[in-house]
Amino acid sequence: MGIEHRTWQGWEKFFADRSTRALPALRQDLDYSALPKSLARSLAIFQLGESGGGTIVAQSFCNSLHGLNQHYGTAMAYFVEEEHRHANILAMCVRLLGGNLIGNNWTARLFVFARRLIGLRLKVLVLLAAEVVGICYYHLLAVHLPQSRLREQLLEIVEDERSHLYFHCDFLRVQTPTAWRKRLFVWIWRLVMVSASVVVLLDHRRAISDLGIGKRQVLARWKSYSQLAERLVLRNSVRDIPQSLQCDSSFGRCD
Ligand SMILES: [Fe+2]
Ligand SMILES: [Fe+2]
């Protein structure tokens, strides 16, 4: 299936099929101590961000929003489980790098605060911003690492995050049927994305610099994926999406 709309039942099945994956076994296949310490800290921050999400499941089951049903709630529960799987994998990666997990961080707190601001719609919009940031950041980290299990795991997480982007875009598309709602979405979305880009660049600047990743490269990828998400929500046709952002056989790539 490409990037066309899925039913909530379709998303439920999609996530259910992936939910049986076992956690990978990570081993010392590389001298990980030679990698910058800032990488472990950066991944620990993302690990914390991947750990939450309990209230959104309850809210997905019990709400009066247009176009949702029980299948959406179940799909959301699988989605949160998948994020927790990412948290477990990232925890293994942090330990492999000799780093420590963290229990608190200002960007993670900011993310949770933003998610709790209003209802399900804003929560999903904030989650979508996190997917855009995650897709681009994990990918950039991975391609700047030597061939290793750590790199493979980050790339696998990127593939999951890409599908999450389409899941959230399907929800937001259903929730923005009118012109004024679309305009409102665009304003809030751009504001959230710019804010997210600034705080993540600031908080992860050491790892970005230590791995030799250009800030412009990070921003350009965020901008591309942010535009892709915006177009998907606004129900523009696939033909309107620039060639560089169009899908491969599974989900959209921006390599
Ligand atoms: Fe994730
Ligand atoms: Fe995700």
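Our structure is the block above this text.
Note that this is a predicted model, so its numbers are computed, not measured.

Engineer: Is there a simple way to think about the overall build of the protein in this case?
Structural biologist: Check the secondary structure of the protein and you find 10 helices and 0 strands. Scored against the burial criterion, the 255 residues of the protein give a buried share of 51%. Contacts in the protein between residues far apart in sequence, at least 24 positions, make up 83% of those at least 6 positions apart. Carbon and sulfur atoms make up 57% of the accessible area of the protein, which totals about 12000 Å².

Engineer: When you look at a nonpolar patch on the surface in this model, what are you seeing that I'm missing?
Structural biologist: A cluster of nonpolar side chains, Trp106, Leu110 and Leu202, forms an exposed patch at the surface whose accessible area comes to about 270 Å². In this structure, Trp106 sits in helix α5 (residues 106–116). Here Trp106 falls in the partly exposed class, since its relative accessible area comes to 36%.

Engineer: Got a minute to help me understand the coordination of the iron ion (ligand 1) in this structure?
Structural biologist: Tetrahedral coordination by four donors puts the ideal angle at the metal at 109.5 degrees, and octahedral coordination by six puts it at 90 or 180 degrees. Looking at the iron ion (ligand 1), one finds its protein donor set to be Glu50 (OE), Glu50 (OE), Glu83 (OE), His86 (ND1) and Glu161 (OE), positioned 2.0 to 2.5 Å from the metal centre. The motif formed by the donor residues of the iron ion (ligand 1), counted along the single chain, is E-x32-E-x2-H-x74-E. Using a relative accessible area of 0% as the deciding quantity, one classes His86 as buried.

Engineer: Help me understand the packing of aromatic side chains in this model?
Structural biologist: Two descriptors summarise a pair of aromatic rings, namely the distance from one centre to the other and the angle between the planes of the rings. Applying the stated criterion to the full structure yields 14 aromatic pairs. Here Phe46 and Tyr137 contribute two aromatic rings whose centre-to-centre distance is 5.0 Å and whose plane-to-plane angle is 15°, an arrangement assigned as stacked. Of this pair, Phe46 sits in helix α2 (residues 37–49) while Tyr137 sits in helix α6 (residues 120–143), and the two are 91 residues apart along the sequence. In terms of burial, Phe46 and Tyr137 fall into one category: buried. Note that Arg6 overlies the ring of Trp11, its terminal NZ or CZ placed 4.6 Å from the centroid.

Engineer: Help me understand the environment of Val186, please; the structure alone is not making it clear to me.
Structural biologist: Relative to the helices and strands, Val186 resides in helix α8 (residues 179–203). C-alpha separation for the pair Val186 and Val233, spaced 47 residues apart in sequence, amounts to 9.3 Å. Sequence-distant contacts of Val186, that is, excluding residues within four places in its chain, are made with Glu230 and Leu234.

Engineer: Help me understand the packing of α6 against α8 in this model?
Structural biologist: Angle between the axes and distance between the axes are the two parameters that describe a pair of packed helices. Where α6 meets α8, the closest approach of the two axes is 10 Å, and the angle between their N-to-C directions is 45°. Considering their axes alone, α6 and α8 lie oblique with respect to each other. Remark: the crossing between α6 and α8 carries right-handed chirality. Contacts between α6 and α8 involve Arg121, Leu122, Leu125, Leu128, Ala129, Val132 and Val133 from the first element and Arg181, Phe185, Ile188, Trp189, Val192, Met193, Ala196 and Val200 from the second. Of the residues in the contact of α6 with α8, the class split is 13 nonpolar, no polar and 2 charged.

Engineer: Whenever I open this one, the coordination of the iron ion (ligand 2) confuses me. Can you help?
Structural biologist: The protein atoms that coordinate the iron ion (ligand 2) are Glu83 (OE), Glu131 (OE), Glu131 (OE), Glu161 (OE) and His164 (ND1), at distances spanning 2.0 to 2.4 Å. The sequence motif formed by the donor residues of the iron ion (ligand 2) is E-x47-E-x29-E-x2-H. Here the iron ion (ligand 2) and the iron ion (ligand 1) are spaced 3.5 Å apart, and both take Glu83 as a donor. A residue pair is termed a helical-turn pair when its members lie 3 or 4 positions apart in one helix, as Glu161 and His164 do in helix α7 (residues 149–174) at 3 residues. The burial state of Glu161 is the same as that of His164; both residues are buried.

Engineer: Even after reading the chapter, I still don't get the side chain of Glu12, so can you show me in this structure?
Structural biologist: Mapped onto the secondary structure, Glu12 falls in helix α1 (residues 8–18). For the buried Glu12, no salt bridge exists, and the shortest N-O distance to an oppositely charged side chain is 10 Å, to Lys13. Residues in contact with Glu12, not counting those within four places in the same chain, are His71, Thr74, Ala75 and Tyr78.

Engineer: Just checking my understanding: could you explain the environment of Ser38 for this structure?
Structural biologist: Inspection of the secondary structure puts Ser38 in helix α2. Exposure remark for Ser38: the relative accessible area of 12% places this residue in the buried category. Sequence-distant contacts of Ser38, defined by excluding residues within four places in its chain, comprise Arg206, Ala207 and Asp210. Within the local environment of Ser38, its side chain forms a polar contact with the side chain of Asp210, the two groups lying 2.6 Å apart.

Engineer: I would appreciate a short explanation of helix α10 (residues 215–233) in the present structure.
Structural biologist: Working note: α-helix, 3.6 residues per turn, so residues spaced by three or four point in the same direction. Along its 19 residues, α10 runs 27 Å from first to last C-alpha, staying within 8% of the 27 Å computed at 1.5 Å per residue. Looking at the buried positions of α10, the neighbouring elements they touch are α6, α7, α8 and α9 (205–210). Looking one or two residues past α10, Arg235 carries a phi angle of roughly 65°, positive in sign.

Each value, and the rule that gives it
- Residues numbered from 1 in each chain as written.
- Chains lettered and ligands numbered in written order.
- Predicted model: local features only at pLDDT ≥ 70, side-chain atom pairs only at ≥ 80, totals over all residues.
- Heavy atoms only, no water.
- Helix = DSSP H or I, 4+ residues; strand = E, 2+ residues; numbered from the N terminus.
- Buried < 20%, exposed > 50% of the residue type's maximum accessible area, 1.4 Å probe, protein only.
- Contact = heavy atoms within 4.5 Å.
- Areas by Shrake-Rupley, 256 points an atom, 1.4 Å probe, with all protein chains shown as cover.
- Patch = residues over 30% accessible without salt bridge, like charges linked within 9 Å, V, L, I, M, F, W, Y side chains within 5 Å.
- Salt bridge = Lys/Arg side-chain N within 4 Å of Asp/Glu carboxyl O.
- Donors = N, O, S within 2.8 Å, 3.2 Å for Na, K, Ca; no water.
- Phe/Tyr/Trp six-rings, centres within 6.5 Å; stacked < 30°, edge-to-face > 60°.
- Lys NZ or Arg CZ within 6 Å of the ring centre and 35° of its normal.
- Axes fitted to C-alpha atoms, helices over the stretch in contact; angles between N-to-C directions.
- Parallel < 35°, antiparallel > 145°, perpendicular 65-115°, else oblique.
- Left-handed = near helix turned anticlockwise from the far one by under 90°.
- Nonpolar A, V, L, I, M, F, W, Y, C, P; charged D, E, K, R; others polar.
- Lys, Arg positive; Asp, Glu negative; His and termini not counted.
- Polar contact = N/O pair within 3.5 Å; in protein donor to acceptor, adjacent residues only side chain to side chain.
- Expected span 1.5 Å × (residues − 1).

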